[in-house]
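# Per-entry structural report
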There are 2 protein chains.
Amino acid sequence: MEKVGIAILGLGVVGGGTYEILVEHRQFYKKNHNIDFVVESVLERSRERAAALGIEESKIVSNIAEICSNPEVDIVVECIGGIEPAKSFVLAALKSGKSVVTSNKELFCKYSHELERVAKKNNCGLFFEASCVGGVPVIRALLDNLQGNKILSLTGIINGTTNYILTKMAEEGSSYLDVLKEAQSLGYAEADPTSDVEGFDAAYKLSILSSLSFHTKVPFTEIYREGITNIDAVDITYAKQLGYTAKLLAIGKNGENGIEVRVHPALIKTTHPLASVRDSYNAVYITGDSVEDVMLYGRGAGAKPTGSAIVGDIIYCATHPSHTYSTFKNTEKADSVTKFVKNFESEYYIRLAAEDKAGVLSKITALLGKHGISVAQVVQGEERAEGKAPLILITHLTKENNIKKAIAEVNATGIAEVSSFLRVVS
Amino acid sequence: MEKVGIAILGLGVVGGGTYEILVEHRQFYKKNHNIDFVVESVLERSRERAAALGIEESKIVSNIAEICSNPEVDIVVECIGGIEPAKSFVLAALKSGKSVVTSNKELFCKYSHELERVAKKNNCGLFFEASCVGGVPVIRALLDNLQGNKILSLTGIINGTTNYILTKMAEEGSSYLDVLKEAQSLGYAEADPTSDVEGFDAAYKLSILSSLSFHTKVPFTEIYREGITNIDAVDITYAKQLGYTAKLLAIGKNGENGIEVRVHPALIKTTHPLASVRDSYNAVYITGDSVEDVMLYGRGAGAKPTGSAIVGDIIYCATHPSHTYSTFKNTEKADSVTKFVKNFESEYYIRLAAEDKAGVLSKITALLGKHGISVAQVVQGEERAEGKAPLILITHLTKENNIKKAIAEVNATGIAEVSSFLRVVS
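Criteria and cut-off values
Residues numbered from 1 in each chain as written. Chains lettered and ligands numbered in written order. Predicted model: local features only at pLDDT ≥ 70, side-chain atom pairs only at ≥ 80, totals over all residues. Heavy atoms only, no water. Helix = DSSP H or I, 4+ residues; strand = E, 2+ residues; numbered from the N terminus. Rg over C-alpha atoms; globule rule 2.2 N^0.38 Å. Buried < 20%, exposed > 50% of the residue type's maximum accessible area, 1.4 Å probe, protein only. Contact = heavy atoms within 4.5 Å. Areas by Shrake-Rupley, 256 points an atom, 1.4 Å probe, with all protein chains shown as cover. Salt bridge = Lys/Arg side-chain N within 4 Å of Asp/Glu carboxyl O. Pairing = 2+ DSSP bridges. Axes fitted to C-alpha atoms, helices over the stretch in contact; angles between N-to-C directions. Core = buried A, V, L, I, M, F, W, Y, C linked by side-chain atoms within 4.5 Å. Least-squares fit on C-alpha atoms with pLDDT ≥ 70 in both. Lys, Arg positive; Asp, Glu negative; His and termini not counted. Buried area = accessible area lost by both parts, 1.4 Å probe. Polar contact = N/O pair within 3.5 Å; in protein donor to acceptor, adjacent residues only side chain to side chain. Nonpolar A, V, L, I, M, F, W, Y, C, P; charged D, E, K, R; others polar. Arc of directions from axis to C-beta. Parallel < 35°, antiparallel > 145°, perpendicular 65-115°, else oblique. Left-handed = near helix turned anticlockwise from the far one by under 90°. Phe/Tyr/Trp six-rings, centres within 6.5 Å; stacked < 30°, edge-to-face > 60°. Lys NZ or Arg CZ within 6 Å of the ring centre and 35° of its normal. Expected span 1.5 Å × (residues − 1). Disulfide = S-S within 2.5 Å.

## Comments concerning the overall build of chain A
Of regular secondary structure, chain A possesses 15 helices and 17 strands. Whereas a compact globule of 426 residues would reach a radius of gyration of roughly 22 Å, chain A reaches 24 Å, a difference of no more than 12%. Projected onto its principal axes, the C-alpha positions of chain A cover 80 × 45 × 35 Å. Across the 426 residues that make up chain A, the buried fraction comes to 60%. Long-range pairs, those at least 24 residues apart, make up 73% of the contacts in chain A between residues at least 6 apart in sequence. On chain A, roughly 16,600 Å² of surface is accessible, and the fraction owed to carbon and sulfur atoms is 49%.

Here's what the structure looks like:
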């Protein structure tokens, strides 16, 4: 029986989960694949973490060189996260002829071109299913199953923390800050939640998924990014009444005018399959020119679900003697012919505090009309304050720049003030 | 640039769709993969079909030997369906060194062991993503992504025709026969709908999916199979009132007592992600011991969605120099140690026509109790006829055999008659 040696870098949530899966399933993998997967080495500063997992002292190392020079190690699993030292460690492993499996979205998003070049040069595998959306099998679907398609768009709920927060806000009517605190105490949100709640995490993943989908590098810096920290519980309540659910969406489109990539909160029709993706579940909804619509749904984070993606890659690497890499032109920057659409099109939800007088609505709609914006739905809110009443508008499709100009002009009139606006995905 | 020659056997819906995708995307694949995919040959008796697709006369052949001996053909795509002549053609292609991509669920379900043996012997690829659930990327997810898991269960809506019929019955209150006629006139159901409506199609797919999931051959003959032809619109209406949706489910479970495989109509909670899979959409809900829950959703049939799966396999075959095969012990029969559970457990929906008198309900529940069946929910229907009133019971978990015995005893009392019963999946 073949033996395949594994080294795990970092025993945090994902690294620990991966270790446990490998140990618990050792006999199962022997039986199915005739391969004995053995964790030979772990790189982890915390002896407590390693001990808690029952890892022998002799397997714990403190520098990458020990792993690179260990002939028993075939595959290095990187679960450190962030750029350094993860990047140097991955490069060192590849240069010493070890294949790498990584869950590191930021690293793969920013440096996939460099990692892939070094992997190819050293004839090593480089696998990254776990970098995007945990246990949801989206990377391999894009790399393999959907290659026959021109991918037209992908829309994803690809961050578990923000989806948990928005689900709780919608179902319990709580404020953003109250739910964030609860999520932190439950371990669903980190002490510094910036990467999740400001949309960085989703944008890294969107960069990877869009690059694979559209066959050109989609740099992180091209992604419009807006987090959920300013979401008002009031808007979630109004949205629900109008048949919408608020989600942090990652959207990639490849149309006639170019590629459009954005991460922002949005309202989505409750009948859309993505609307029922609750709590920390994630999903990616992909439209291809042949396959039509496909949705992949599951746990987007967590020790075992993400560990499942890593172990899937480990087994694939061990059972497929030749390596394939990503199929997009894996460069640092986008192709010179690639255009990015910044002034994108959307429908919009606008909440105003309007003077409670006749003629105000017609003035506002006239002003919007001047910018080519037509209104699809109007709802008068109930709580009046200081002579003003909430007014909710849903527009037809228009351009982002038009909405921003129109909002500035409405505010300048003095008869109404825009309290909030959200993009609407139908 | 490498050229890869394709031969397509059968230009029906799927073969035709595959041809169109290959032709329309030829430049796109050249750019992405540096491979020129050329359809060299089609085996099709109808000159009209071939002409309608614009295929040159010179590419149309009438026997498999011409394809096997054509050195320009690298990959043979089998879209004939059924056992013969498809089986002989696939074996001939493999024996002449051509890799095979097939969409044929019946053939792969019944003869995968034989096809795989010949493919391995001749060092050819054998790909079958399109055999199950059209454009939904479920085969590769099981073969690659989820290998790290013990798959505990899979529940699928994996037949488009029956899901279309049940959706229409639920949303329009129509009878089974009326919707079937409509589906036939729209081309969603075949003139002889047996394979779909009696659950054969779903059972072939379940055999393949369960074999991959549970790492042992799950023969078609072990699957409990019941179609939708006896579904009464009344039960769909009552189910809706109780918060359930009727679906034709394919269920595979791997538990302590063995493997349980069944295809039958069932009621599923409307909050379950599978309940919102409407019309001809399909989905497979998989639970693994590490990944937890994953759902894969999309078009389960149709020219382009199924063609997308075939072309994905063609590109994979052409870009991966070594072939991998299915990872279950691909034998004709199940392993001798595999046990199949026939007397499975479920909750049940029972509709009775009961005498409209005091004490009847308590007699019925007492009788059920004698068989260890406890009742979770009781609803009295409204339309009374001939002194009888409809009574709907939902039971807690019990065994199939207990329900059948209890129903026979209830019927024997004369105080109530069981009009219908359906399994409930919560």
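## Focus: the pattern of salt bridges
Residue and element names in this part refer to chain B. Evaluation of the coordinates by the stated rule reveals 50 salt bridges over all chains. Arg351 serves as the salt-bridge partner of Asp235, at 2.6 Å between the closest nitrogen and oxygen. Separated by 116 residues along the polypeptide, Asp235 in helix α12 (residues 233-241) and Arg351 in strand β13 (residues 345-355) bring together distant segments of the chain. Of the charged contacts in the structure, one is a salt bridge between Lys357 and Glu355, with a shortest N-O distance of 2.9 Å. Classification of Lys357 by relative accessible area gives exposed; the value is 58%.

## Observations regarding the environment of Ile251(B)
For Ile251(B), the location among the structural elements is in strand β9 (residues 244-255). When residues no more than four places from it in sequence are discounted, the contact partners of Ile251(B) are Leu154(B), Thr155(B), Leu206(B), Glu260(B), Val261(B), Arg262(B), His264(B) and Val425(B).

## What to know about the sheet that holds strand β3 (residues 60-61) of chain A
Residue and element names in this part refer to chain A. Pairing in this open sheet of six strands is parallel, and the strands run β3-β2-β1-β4-β5-β6 from one edge to the other. Because the sheet does not close on itself, it has two edges, and the strands there are β3 and β6 (126-127). Where strand β1 (residues 2-9) meets strand β2 (residues 35-43), eight bridges bridge the pair, whose relative direction is parallel. In the sheet register, Gly5 faces β2, and the bridge partner there is Val38. Along the sheet, helix α1 (residues 13-24) makes contact with β1 and β2, crossing β1 at roughly 160 degrees.

## Examining the nonpolar core
Residues Val138(A), Val138(B) and Ile165(B) are the most contacted members of the largest nonpolar core, which totals 174 residues. Excluding residues that lie within four positions of it along the chain, Val138(B) makes contacts with Glu129(B), Cys132(B), Val133(B), Leu209(B), Val284(B), Ile286(B) and Leu296(B). Val311(A), Ile314(A), Ile21(B) and Val311(B) belong to the second largest nonpolar core, which has 62 residues in total.

## Let's talk about the relation of the copies chain B and chain A
Turning chain B through 180 degrees and shifting it by 0.0 Å along the axis lays it on chain A, with an RMSD of 0.0 Å. Viewed as a symmetry operation, the transformation between the two copies matches a two-fold axis. In terms of C-alpha distance to the rotation axis, chain B has Leu296(B) as its closest residue, with the C-alpha 2.4 Å off the axis. A symmetric contact is evident, with 100% of the interface residues of chain B recurring at the interface of chain A.

## Considering the side chain of Glu116(B)
All names here are of chain B. Counting through the fold element by element, Glu116 comes out in helix α6 (residues 105-121). Since its relative accessible area comes to 4%, Glu116 is described here as buried. Ignoring any residue separated from it by four or fewer positions in sequence, one finds Glu116 in contact with Leu126, Tyr325, Ser326 and Asn330.

## Some words on the side chain of Glu347(A)
Residue and element names in this part refer to chain A. Assignment of secondary structure puts Glu347 in strand β13 (residues 345-355). Notably, Glu347 is buried but unbridged: the nearest opposite-charge side chain belongs to Lys269, and the N-O separation is 6.1 Å. Those residues in contact with Glu347, other than ones at most four positions away along the chain, are Thr395, His396, Leu397, Leu422, Arg423, Val424 and Ser426.

## With respect to the interface of chain B and chain A
Contacts between chain B and chain A engage 46 residues on the former and 46 residues on the latter. Regarding the contact of chain B and chain A, the summed buried area is about 4,000 Å², with carbon and sulfur atoms giving 55% of it. Summed over the shared surface of chain B and chain A, the result is two salt bridges. For Arg299(A), the salt bridge goes to Glu292(B), with nearest N and O atoms at 2.6 Å. Joining chain B to chain A, the criterion identifies 19 residue pairs in polar contact (both at pLDDT 80 or more). Residue classes in the side of chain B that touches chain A are distributed as 19 nonpolar, 18 polar and nine charged. Pairing analysis gives five bridges linking strand β12 (residues 292-299) of chain A to strand β12 (residues 292-299) of chain B, with the strands arranged antiparallel. Bridged to Tyr297(A) within β12(B) is Met295(B).

## Examining the sheet that holds strand β4 (residues 75-78) of chain B
Spatially, β3-β2-β1-β4-β5-β6 (chain B) is the arrangement adopted by the six strands of the open sheet, whose pairing is parallel. On the outer flanks of this sheet lie β3 (60-61) and β6 (126-127) of chain B, each paired with one strand and no other.

## Some remarks on helix α9 (residues 176-185) of chain B
Residue and element names in this part refer to chain B. Turning to α9, its buried residues are Tyr176, Val179, Leu180 and Ala183. For α9, the angular spread of buried residues about the axis comes to 105 degrees, placing them on one side. Among the exposed residues of α9, those oriented more than 90 degrees off its buried face are Leu177, Lys181 and Ser185. The elements touched by buried residues of α9 are α8 (160-172) and α10 (194-197). In the segment just after α9, Gly187 is the residue with positive phi, at about 85 degrees.

## Considerations on the packing of α6(B) against helix α11 (residues 200-214) of chain B
All names here are of chain B. Between α6 and α11, whose axes approach to 9 Å, the crossing angle comes to 45 degrees. With respect to α11, the axis of α6 lies oblique. Every pair of crossing elements has a handedness; the one defined by α6 and α11 is left-handed. Along the contact surface, α6 presents Lys105, Glu106, Phe108, Cys109 and Lys110, while α11 presents Asp201, Tyr204, Lys205, Ser207 and Ile208. Considering only residue class, the contact of α6 with α11 consists of four nonpolar, one polar and five charged.

## Quick word on the packing of aromatic side chains
This structure, assessed with the given rule, holds 20 aromatic pairs over all chains. Plain terms: the ring middles of Tyr29(B) and Phe37(B) are 6.0 Å apart, the flat faces sit at 90 degrees to each other, and that makes the pair edge-to-face. In terms of burial, Tyr29(B) and Phe37(B) fall into one category: buried. Ring pairing ties together the aromatic residues Phe28(A), Tyr29(A) and Phe37(A), which thus form one cluster. Stacked on the ring of Phe200(B), the Lys or Arg Arg225(B) has its end atom at 3.8 Å from the ring centre. The ring of Tyr281(B) carries Arg299(B) above its face, with NZ or CZ at 4.0 Å from the centroid.

## Overview of helix α13 (residues 303-319) of chain B
In this model, α13(B) (17 residues) spans 24 Å end to end at C-alpha, consistent with the 24 Å of a helix rising 1.5 Å per residue. Within α13(B), 14 of the 17 residues are buried, which leaves it mostly tucked inside the rest of the structure.

## Details of the state of the cysteines
Residues and elements named next belong to chain A. Under the defined criterion, the tally for this structure stands at zero disulfides over all chains. The cysteine Cys124 is free of any disulfide, with Cys317 supplying the nearest cysteine sulfur at 8.6 Å. Classification of Cys124 by relative accessible area gives buried; the value is 1%.

## Re the environment of Glu417(B)
Residue and element names in this part refer to chain B. Looking at the element boundaries, Glu417 is found in strand β17 (residues 416-425). Exposure remark for Glu417: the relative accessible area of 48% places this residue in the partly exposed category. Taking the C-alpha atoms as reference, Glu417 lies 9.0 Å from Glu355; in sequence the two are 62 residues apart. Contact partners of Glu417, with chain neighbours within four places excluded, come to Arg351, Leu352, Ala353 and Asn411.

## Here's the deal with the environment of Val13(B)
Residue and element names in this part refer to chain B. In this structure, Val13 sits in helix α1 (residues 13-24). In this structure Val13 comes out as exposed when scored by relative accessible area, which is 57%. Along the chain, Val13 and Thr306 lie 293 residues apart, while their C-alpha atoms are 9.1 Å from each other. For Val13, the residues in contact, after removing those within four places along its chain, are Gly302 and Ala303.

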